[in-house]
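Take a look at the letters that make up each chain.
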Amino acid sequence: MWKKEITDTLKQTALVLSFLLLMPIIFGINQMRFSGESLSFSWYIDWGMSFLLPILMLYLSYMMFASEDSDGAIEYLKSLPVNKWKLLAIKILPRFAVIVVIAFVYHSIFRSDFVHSGRFFYFYYSPGSLSLLKSLTLIITPLFFGFMLGISSRSNVFLALAFLLTVSYFVFAGYNFMSLLSRHFYRLWWSVFHNTIPSFFVLDSVLRIFLPTLLPVLVLVPVFKSWDVSSGTIRSQIMLKRMAVPIALIIALFAFDHLSLLYYFRKVTTL
């Protein structure tokens, strides 16, 4: 099984990275259009990879059980004498390793200019002492979601959107370094603890970013542990019910930070 998963991972990775072959064409067209400009081919590769890496991560996650789906062998996996935790490792580790290696190589080559890349992939830019943990979480979380989607119903749009929403929140909440919620929390923190600013940023990351992101993961662990030969459609419904509260929390936090709900709440209460 290891050999098959490694082979599938490399094929899927090659498919996504093959879009880099368009870069010379795009570069050549722009050279003709903007002949007076000094264009750098490496700049095109840099930007192309900054988009392709998140796409690769999501694609590898979604296609984790693609071959089993095409062969109708999802439930057959449960009949194999393989521990479910070992199967999880077999599915996730090859994809995790490929993403980390490519990300590390890319960062090593383009580390002189990686600010824009941080908007799409935490591996390259994440201020603070939690940068490595953020990077690992960003990679592992979609892979776990991809596994759970694979053992349920990959055609369930609502479940896929719930997973994508969780990952998106993690990315954009982290990028929004001092959110509206963080600023209010900071004022409260400063009034009590004056000289512990680094501790504030750690606690803010844990409460505002990590906890809301990991809650949907934690509520799915019992579903994974009880995985049997029952219908994947039923399993999808169970997952959606379990994720309802964590997703509602994520939406509320996002709305609070980006829709100025506190401003409207104060306006209503003062009427």
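Residues numbered from 1 in each chain as written. Predicted model: local features only at pLDDT ≥ 70, side-chain atom pairs only at ≥ 80, totals over all residues. Heavy atoms only, no water.

## Quick notes on the side chain of Thr13
At step 1: Inspection of the secondary structure puts Thr13 in helix α1 (residues 2-17).
At step 2: Residues in contact with Thr13, not counting those within four places in the same chain, are Leu56, Leu60, Val98 and Ile102. (Helix = DSSP H or I, 4+ residues; strand = E, 2+ residues; numbered from the N terminus. Contact = heavy atoms within 4.5 Å.)

## Focus on the environment of Leu249
At step 1: You can see Leu249 is positioned in helix α11 (residues 232-258).
At step 2: Classification of Leu249 as partly exposed rests on a relative accessible area of 35%. (Buried < 20%, exposed > 50% of the residue type's maximum accessible area, 1.4 Å probe, protein only.)

## Some points on the packing of helix α3 (residues 41-62) against helix α6 (residues 84-110)
For any two helices packed against each other, one specifies the crossing angle of their axes together with the interaxial distance.
At step 1: Between α3 and α6, the shortest axis-to-axis distance is 11 Å and the interhelical angle comes to 165 degrees. Classified by the angle between their axes, α3 and α6 sit roughly antiparallel to one another. In the crossing of α3 with α6, the sense of the turn from one axis to the other is left-handed. Where α3 abuts α6, its residues Ser42, Ile45, Asp46, Met49, Ser50, Leu53, Leu56, Met57 and Leu60 lie against Arg95, Ile99, Ile102, Ala103, Tyr106 and Phe110. (Axes fitted to C-alpha atoms, helices over the stretch in contact; angles between N-to-C directions. Parallel < 35°, antiparallel > 145°, perpendicular 65-115°, else oblique. Left-handed = near helix turned anticlockwise from the far one by under 90°.)

## Focus: the packing of aromatic side chains
At step 1: Summed over the entire model, instances satisfying the criterion amount to nine aromatic pairs.
At step 2: Where Trp85 meets Phe224, the ring centres are 4.7 Å apart and the plane angle is 80 degrees; that geometry is what we call edge-to-face. Highlighted residues: Trp85 in helix α6 and Phe224 in helix α10 (residues 197-225), separated in sequence by 139 residues.
At step 3: Ring centres 5.6 Å apart and planes at 75 degrees place the aromatic pair Phe147 and Phe224 in the edge-to-face group. (Phe/Tyr/Trp six-rings, centres within 6.5 Å; stacked < 30°, edge-to-face > 60°.)

## Focus on α1
At step 1: Along its 16 residues, α1 runs 22 Å from first to last C-alpha, staying within 8% of the 22 Å computed at 1.5 Å per residue.
At step 2: Restricting attention to buried positions, one finds in α1 the residues Glu5, Asp8, Thr9, Gln12, Thr13 and Val16. All buried residues of α1 lie within an arc of 130 degrees about the axis, which places them on one face of the element. The outward face of α1, more than 90 degrees from its buried face, is lined by the exposed residues Lys3 and Lys11. (Expected span 1.5 Å × (residues − 1). Arc of directions from axis to C-beta.)

## Thoughts on the confidence of the model for the chain
At step 1: For the chain, the mean per-residue pLDDT works out to 78, and 71% of the residues sit at or above 70.
At step 2: The secondary-structure element of the chain with the lowest mean pLDDT is helix α12 (residues 261-269), recorded at 51, while α1 shows the highest, at 92. (pLDDT = per-residue confidence, 0-100.)

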